[in-house]
Amino acid sequence: MKVAVFSAEAYDRQFLNAANANADHELVYFETLLEPKTASLAHGFPAVCVFVNDNLDPETLKILADQGTKLVALRCTGFNNVDVTAAAQLGIKVVRVSVYSPYSVAEFAIGMILVLNRKFHKAYNRVRDDNFSLNGLMGFDLHGCTVGVIGTGKIGLIFAEIMHGFGCHLLGYDLYPNPHFETMANAHYVDLSDLFTNSDIISLHCPLTPENHYLINTETIAQMKPGVMLINTSRGKLIDTKAAIEGIKSRQIGSLGIDVYEEEDNLFFRDLSDTIIQDDTFQLLQSFPNVVITAHQAFLTRNAISQIASTTIESITDFQQGNALKNEIHPPEKGK
Ligand code: NAD
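Note that the coordinates shown come from a computational prediction; the quantities given were computed from them, not determined experimentally. (Residues numbered from 1 in each chain as written. Predicted model: local features only at pLDDT ≥ 70, side-chain atom pairs only at ≥ 80, totals over all residues. Heavy atoms only, no water.)

1. Things to note about the site of the ligand
So, step 1. Lining the immediate surroundings of the ligand are 23 residues, of which Tyr100, Lys154, Ile155, Asp174 and Thr233 lie closest.
So, step 2. The backbone of Ser234 places a nitrogen or oxygen atom 3.4 Å from an oxygen atom of the ligand.
So, step 3. Measuring from an oxygen atom of the ligand, one finds a side-chain N or O atom of Arg235 at 3.4 Å.
So, step 4. Protein chains bury 88% of the 860 Å² of accessible surface belonging to the ligand in isolation. (Near = heavy atom within 4 Å. Polar contact = N/O pair within 3.5 Å; in protein donor to acceptor, adjacent residues only side chain to side chain. Areas by Shrake-Rupley, 256 points an atom, 1.4 Å probe, with all protein chains shown as cover.)

2. Observations regarding the domain arrangement of the protein chain
So, step 1. Segmentation of the protein chain into domains returns domain 1 (2-100 + 302-321) and domain 2 (102-293).
So, step 2. Each of domain 1 and domain 2 has a C-alpha centre, and the two are 30 Å apart.
So, step 3. Contacts between domain 1 and domain 2 engage 11 residues on the former and 9 residues on the latter.
So, step 4. Summed over both partners, the interface of domain 1 with domain 2 comes to about 910 Å²; 53% of that surface belongs to carbon and sulfur atoms.
So, step 5. Among the residues domain 1 hides against domain 2, the three largest losses belong to Asn53, Asn80 and Tyr100. Together they make up 49% of the total. (Domains from an automatic or database assignment. Contact = heavy atoms within 4.5 Å. Buried area = accessible area lost by both parts, 1.4 Å probe.)

3. Some remarks on the nonpolar core
So, step 1. Formed by 47 residues in total, the largest nonpolar core has its most connected members in Val48 and Leu64.
So, step 2. With 6 residues, the top contributor of residues to this core is helix H11 (residues 302-320).
So, step 3. Discounting residues that sit within four places of it in the chain, Val48 has contacts with Val3, Ala4, Phe6, Leu34, Ala42, Leu64, Thr69, Leu71, Val72 and Ala73.
So, step 4. Membership of the second largest hydrophobic core comes to 28 residues, among which are Val147, Met184, Ile201 and Val292. (Core = buried A, V, L, I, M, F, W, Y, C linked by side-chain atoms within 4.5 Å. Buried < 20%, exposed > 50% of the residue type's maximum accessible area, 1.4 Å probe, protein only. Helix = DSSP H or I, 4+ residues; strand = E, 2+ residues; numbered from the N terminus.)

Shown next as C-alpha cells:
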C-alpha cells in the first residue's frame, strides 16, 4: 500500500524501512508536518503515517478524505493531535502505537530529575571551562523524598517503580487507579490536592485531554510545596507555561524539567540554530538556570523506535488485508 510518511526523520526512515522489508509497502517520506497546507502531498495515498505534532484537525482530515486517504497511522501513543470523531465521520480509520518501550520515557524522566537535582548541566559546562568550584551545585538525597506521579499507566508505573528503588515515598493520582501501584511499599493513591501539597517532586504521566488542559496552573502551583521539582514528559499543554514562569520567579517552583512544551509544534524536531526564535515565553523559560528543556526526545531509544516501526507496519498490513485493527482508536461515545 502507498503510505505518505510525514514528519519523517532519518531514524524513522531507517527503522520503518527495516520493518517494511517483508511487508513491501510503498513508503514515501516527507520531512514536513502534515497540516492543511501540506495535506495535498498525500494526494492518492490510501494511508498517511504521522507523529506527535502533525495536525489532524477536521480541515486536514477533510482534505485527506477527499483525496482518498482511508487510514491514519500514528507513530506514537498520544492522539490529542487527531480529531478522532471527525476522522470517523469521514470514514478514516485511526491507529496508534498503544505500547512501546515505556522504559524509554520513564527512564528519561528520571534522568531529568537527576540532572536538575545534581545540576549535571551546570557541572558539565563548568569543568569544560576549567572551573572546578562546587558553589551552587548542592542537591538533595532522593532517598526519603515524596514523589507525586500523575497518571500511573504504563509509563507512570515504571517511573514509580524506579523512584521506589531510590527509596522515595510515592503519591499517585489517576482517574483509573492501577492495582500494581499500591503493591509497592510507601505508595498510595491520594486526591490531586494532597499530591500537590505533599510532593517534593511531581512528574506528569497522563495523556492530554480536554479536561486536564493546563492541569498545572497558577492555582495548582500555589498548592505545591515551595521549591517543588516539576517534570513533564507527557504533553506540553498540561502546563500553563506562563504560570510556571511566575512560579519559577517566585521560587515556588524550585526546578522544572520539560521534554514537551505547549507551543512545541513551532519549534521542535528541526534545527533553528540560525533563526531568531520569536516565542518570547520559550526564550524566557530557557533563560532560567533551574530549567532544563529537551525537544520531545524521551521516546528516542533504539528499542522504542524499533517497536514503533514494527507496530506501524503491522497495522498498515492489517488494514490492507481487512484484518481487525488491534491499535485502532475509536471516537468517544456520546456523553462520555
Ligand atoms: P497509559 O494510557 O498507559 O497511561 C496513562 C494513564 O493516565 C492512565 O492510567 C489513565 O487512566 C491516566 N489518566 C488519564 N487522564 C488522567 C487525568 N486527567 N489525570 C490523571 N490520570 C489520568 O499511557 P502511557 O503509555 O503511560 O503514556 C502516558 C503519556 O506519556 C502519553 O499520553 C503521552 O502523552 C506521553 N508520552 C510522551 C512521550 C515523549 O517522548 N515525551 C512518549 C510517549 C508517551
